[in-house]
Amino acid sequence: MAQLAQVIVDVPTMQTNQPYTYQVPARLENQIQLGMRVVVPFGNGKRHVQGFVVGLDQPTMYDGQLKPISALMDLQPVIDPELLKLSKWLADQTYAFWISSIYTMLPNMLKAKTTRIVKIIDEVDEQVVFDVFHGKDELDFATVQSDPQVVSLLLKLQKQGKVSFEYVVADQAKAKTTTGIRPQLDFEGLEDARTSLHSNAHAQNRLLSYLQSIVGKTVKQTEAEKVSGLKSATFNIGAQKGWLTKVPVEVYRNPFDKKLPDDHHLAKPLMLNDEQGAAVKEIDRAIDNSQNQVFLLEGVTGSGKTEVYLQSIAKVLQNNKTALMLVPEISLTPQIVNRVRRRFGSKVAVLHSGLSNGERFDEWRRIERGEAQVVVGARSAIFAPLKNLGVIILDEEHESSYKQDESPRYHARDVAKWRGKYNSAPVVLGSATPSLESRARAMKGVYQLIRLKHRVNKQPLPPIQVVDMRPEIKERGESNFSRELLGKLVDRLMKNEQSILMLNRRGFSSFMMCRDCGSVLKCPNCDISLTLHMDSHTMKCHYCGHEEPIPRYCPNCGSREIRYYGTGTEKVEQELNRLIPNARVIRMDVDTTRRKGMHEKLLRRFGQHQADILLGTQMIAKGLDFPNVTLVGVLNADTGLGLPDFRSSERTFDLLSQVSGRAGRADKTGEVIIQTYNPDHYAIRLAQQNDYEGFFKREMSLRRQASYPPYYFTVRIMASHEDEAVAARAMTKIHRELVDNLMPSTIILGPTPRAIARMKRRYYYQIVIKYKQDQRLHPLLQKILQETQSKGRKDVQISIDPDPQYFM
């Protein structure tokens, strides 16, 4: 009778969603569990690959030739039953491979080539130390994983808390350790040692008493020094005399090394106004009843949505459950995390891409071990291994950054709804400008709509003034600042108040053009112009990273008549320093926040009023809360409007509404100035009036006419190849397959070259499918996905993106 295991293997060149069946050797039958990583033979048996156990069959009389699992990589599962089910659903819904979905959920240290280390953390029998660990305090698990007796012994020691299991990545640091001390003698032995002390050896006497109090334990030396009041020199003497031994003790890397800002009044729940109270009551009812209800919390900027989230989280913790809160950008995370930590302390873990691999791994383990009950993070934190979820919150739910661009192309909102259903927990989607899809669902009663119509400070929303830049340019020549905005900036400086300026572009200047021949300097790998960066004196491609020196002559005709057109944050900063030399400016964009921790550092400096003006790209538009900011300026509101994308008006409206909400959030009244070359565009006019309802009706009408979401679902299929003709041929073949098999009511657009047709030396062709209901579509797209692995298509890359956020 052999037990069988279903294993999804990690073979990049031959991916499949069909698990392979392996025999579980008798020695592993009592140890193997779902969600463990295993080593299995693949192909001709000479090659060994990593896989995940996704199914275990009951022992069977199967007498065929099955390959046996070679070894277990873990002593416990790295993916729990909920996330295992979720990974299968995710692969199916996003047209991805199951292995990619599993890896998306795990920290990098479990994805990379890892070494498994078993470490002694408590007293272990000397014979075991000698025979198994060869006299050392750690062991490479790979050297013993095929020996069932040793694996069984290690499992027993792990259950007793005597060894720990760690993963070390080849090119990364091991688990962070600090010095620990462990008594070498038992109580009586330490008492005997006391008899040989001089009468004046008071410190050593106290050390022996302290060691007697921790016999059988390992304590961090810093903690021991604190508790005993002894200096490290005394512990060194103890080690020399054989009373104690010094051992490395694992400590978590702490992403919260910095102290919290000094505003402790946030530590207690704030008084709620009537609207907030009603919102909390509704959400709490769903929490208490374990009801999987989706709430759309539509609240104007500054209406206190965060306080509603925090009080809902408190309710969940009171019910002994866990909470998950997502924010769209890393730049938001420091302010939000600090508020959540001030409320819930060490129960909070944070997960986002700004953490080092080690920090992320340690936070993941804290969550997985149940040491953290509240998780705050960006998109990928939706996969945090929290058990018994009580509420899931998506702040700024309209944000496109919740959708992943690479496989698996999931939307965090969809994953949140799946996990909410699995855990019978409410999901709260919060925004001042909900996505049209979410608002349409709320109107149909699929979501429950809760509105917060007023700011908590009882101040009105700041007045918005739209400045037409066309006459400004005629009268004053090229400038990023209208007279109106410049005057207001100087006024705020005189009053010792702060301003935020947003420009939806980074770099010094948009592009470089020759005035003689009209040639634009383009990236050699992509169909896109290069951007000037003065800090590094280079022209850069923001898509593939290509860099080259700034040319003095036109590379096409040799002319010196080169000019730089457009504008960027660097260029604006220089102009600002020239126009208002006494203003202290902080520039915040992808370039200045590249280094770890810079988001937080720059925001802290601005919060402490070490600068008068915060200048940045759209990363500063959302979620920031600075009481002294009374002026917000949008330098060029048109940037997104010209993009060939049906969501461009919605994005512009959202962005202008969000950035306007940064002004006048405390006692001082705020003001907003929007500069534009399209002052009559409905997105800009309705943003000026803070009229979300008007925008929703207007945009929904346009979407219905053009057959776009939320009236239709969309899927984008894209093929790329280094040879344009090959990419076009592959797309034509897929188009034929779609036309032959899909329902007549399904709309197929294309194939056409993508808006940016060439990127990273590859040509891209796309097809967009619009449909309301077509049961033939899903199986057909799954078939196309599997065909991407066939030999004939190996060099053509094909991707399928459900509900794409961009068509660029």
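Values in this document were obtained by computation on a predicted structure and should not be read as measured data.

The next thing to look at is the overall build of the chain. Within the chain one finds 24 helices and 33 strands. Here the C-alpha atoms of the chain give a radius of gyration of 30 Å, agreeing with the 28 Å that 2.2 N^0.38 yields for 808 residues. Taking all 808 residues of the chain together, the buried fraction comes to 55%. Of the contacts made within the chain by residues no fewer than 6 positions apart, 74% connect residues no fewer than 24 positions apart. Taken as a whole, the chain presents about 36300 Å² of accessible surface, with 49% of it coming from carbon and sulfur.

Attention shifts here to the pattern of salt bridges. Within this structure, the stated rule accounts for 37 salt bridges. Of the charged contacts, one joins E497 and R492 as a salt bridge, the two residues approaching to 3.7 Å between their closest N and O atoms. Of the two residues examined, E497 and R492, each falls in the buried class. The salt bridge partner of D680 is R685, with a shortest N-O separation of 4.0 Å. One salt-bridge network, held together by shared partners, links E484, K488, D491, R492, K495, E497 and E671.

A few words now on the side chain of T538. Positionally, T538 belongs in strand 23 (residues 538–540). Given a relative accessible area of 9%, T538 falls into the buried group. When residues no more than four places from it in sequence are discounted, the contact partners of T538 are T531, L532, H533, E547, E548 and I550.

Moving on to the packing of helix 15 (residues 436–443) against helix 22 (residues 692–706). In contact at an axis separation of 11 Å, helix 15 and helix 22 are set at 100 degrees when each is read in the N-to-C sense. It follows that helix 15 is roughly perpendicular to helix 22 by the angle criterion. Residues L436, R439, A440 and M443 of helix 15 form the contact with helix 22, whose own contacting residues are Y692, E693, F695, F696, E699, M700 and R703. Partitioning the contact of helix 15 with helix 22 into residue classes produces 7 nonpolar, no polar and 4 charged.

Closest axis-to-axis distance for the helix 6 (residues 187–195)/helix 7 (residues 202–213) pair is 9 Å, and the angle between their directions is 175 degrees. The angle between helix 6 and helix 7 places the two elements in the roughly antiparallel class. Between helix 6 and helix 7, the contacting residues are F187, L190, E191, A193 and R194 on the first element and N205, L208, S209, L211 and Q212 on the second. Its residues placed into classes, the contact of helix 6 with helix 7 shows 5 nonpolar, 3 polar and 2 charged.

This brings us to the pairing of strand 31 (residues 747–759). Within a regular beta strand, the side chains point alternately toward one face of the sheet and then the other, so they alternate between its two faces. In this structure, strand 31 lies alongside strand 32 (residues 762–771), joined through 7 bridges in antiparallel fashion. Each residue of the ladder has a partner; that of I748, found in strand 32, is I769. Between strand 31 and strand 32, which pair antiparallel in sequence order, lie 2 residues; one of them, K760, sits at a positive phi of approximately 50 degrees.

Bringing the environment of D612 into the picture now. Within the secondary structure, D612 sits in the loop between helix 19 (598–607) and strand 27 (613–616). In this structure, the C-alpha to C-alpha distance between D612 and A279, residues 333 residues apart in sequence, is 36 Å.

The strand order across the open sheet built from 4 strands is 31-32-30-33, with neighbouring strands paired in antiparallel fashion. The open sheet has two edge strands with one neighbour each: strand 31 and strand 33 (797–802). For this sheet, the mean inter-axis angle between neighbouring strands, taken without regard to orientation, is 20 degrees. In this structure, strand 30 (residues 713–721) lies alongside strand 33, joined through 6 bridges in antiparallel fashion. Bridging across to strand 33, M718 finds its partner in S799.

The next thing to look at is the packing of aromatic side chains. This structure, assessed with the given rule, holds 15 aromatic pairs. For the pair Y20 and F42, a centre-to-centre distance of 5.3 Å together with 90 degrees between the ring planes defines the contact as edge-to-face. Here Y20, found in strand 2 (residues 20–24), pairs with F42, found in strand 3 (residues 37–42); they are 22 residues apart in sequence, far enough to count as distant. By relative accessible area, F42 is classed as buried at 9%. Geometrically, the ring pair formed by F52 and Y103 is edge-to-face, given 5.6 Å between the ring centres and 80 degrees between the ring planes. Of this pair, F52 sits in strand 4 (residues 47–60) while Y103 sits in helix 2 (residues 98–105), and the two are 51 residues apart along the sequence. For the pair F52 and Y103, one class covers both residues: buried. Pairwise contacts between aromatic rings join F653, Y682, Y692, F695 and F696 into one cluster. Here the guanidinium or amino end of K88 rests over the ring plane of W98, the centre of that ring lying 5.1 Å away. Here the basic side chain of R754 rests over the ring of Y764, its NZ or CZ set 4.1 Å away from the ring centre.

Quick notes on the rules
Positions within a chain are numbered from 1, following the residues in the order the chain's sequence is written. Predicted model: local features are reported for residues with pLDDT of at least 70 only, side-chain atom pairs are reported and counted for 80 or more only, and whole-chain, interface and lining totals are derived from all residues. Side-chain numbers come from the whole structure's heavy atoms, not from hydrogens or water. Secondary structure counts use DSSP, requiring at least four H or I residues in a row for a helix and at least two E residues in a row for a strand, with both numbered from the N terminus. Radius of gyration here uses only the C-alpha atoms, and the compact-globule reference equals 2.2 Å multiplied by the residue count raised to the power 0.38. Three exposure classes are used, based on accessible area relative to the maximum for each residue type with a 1.4 Å probe and protein chains only: buried under 20%, partly exposed in between, and exposed over 50%. Contact criterion: two residues are considered in contact whenever any of their non-hydrogen atoms come within 4.5 Å of each other. In these tables, accessible area is a Shrake-Rupley quantity obtained with a 1.4 Å probe, and a residue counts as shielded only by the protein chains included in the view. Any Lys or Arg side-chain nitrogen located within 4 Å of an Asp or Glu carboxyl oxygen qualifies as a salt bridge. Comment: axis = line fitted to C-alpha atoms, over the contacting stretch for helices; angle = value between 0 and 180 degrees taken between N-to-C directions. Angles below 35 degrees are treated as roughly parallel, those above 145 as roughly antiparallel, those between 65 and 115 as roughly perpendicular, and all remaining angles as oblique. Any residue that is not Ala, Val, Leu, Ile, Met, Phe, Trp, Tyr, Cys, Pro, Asp, Glu, Lys or Arg is counted as polar, Gly included; the first ten are nonpolar and the last four charged. Here, strands pair whenever DSSP counts at least two bridges between them. Each Phe, Tyr or Trp ring (for Trp, its six-membered ring) is paired with any other whose centre lies within 6.5 Å, and the angle between the two planes then decides the class: stacked below 30 degrees, edge-to-face above 60, tilted in between. By the criterion adopted, a ring carries a charge over it if an Arg CZ or a Lys NZ lies within 6 Å of its centre and within 35 degrees of its normal.

Keep in mind these values describe shape, not function.
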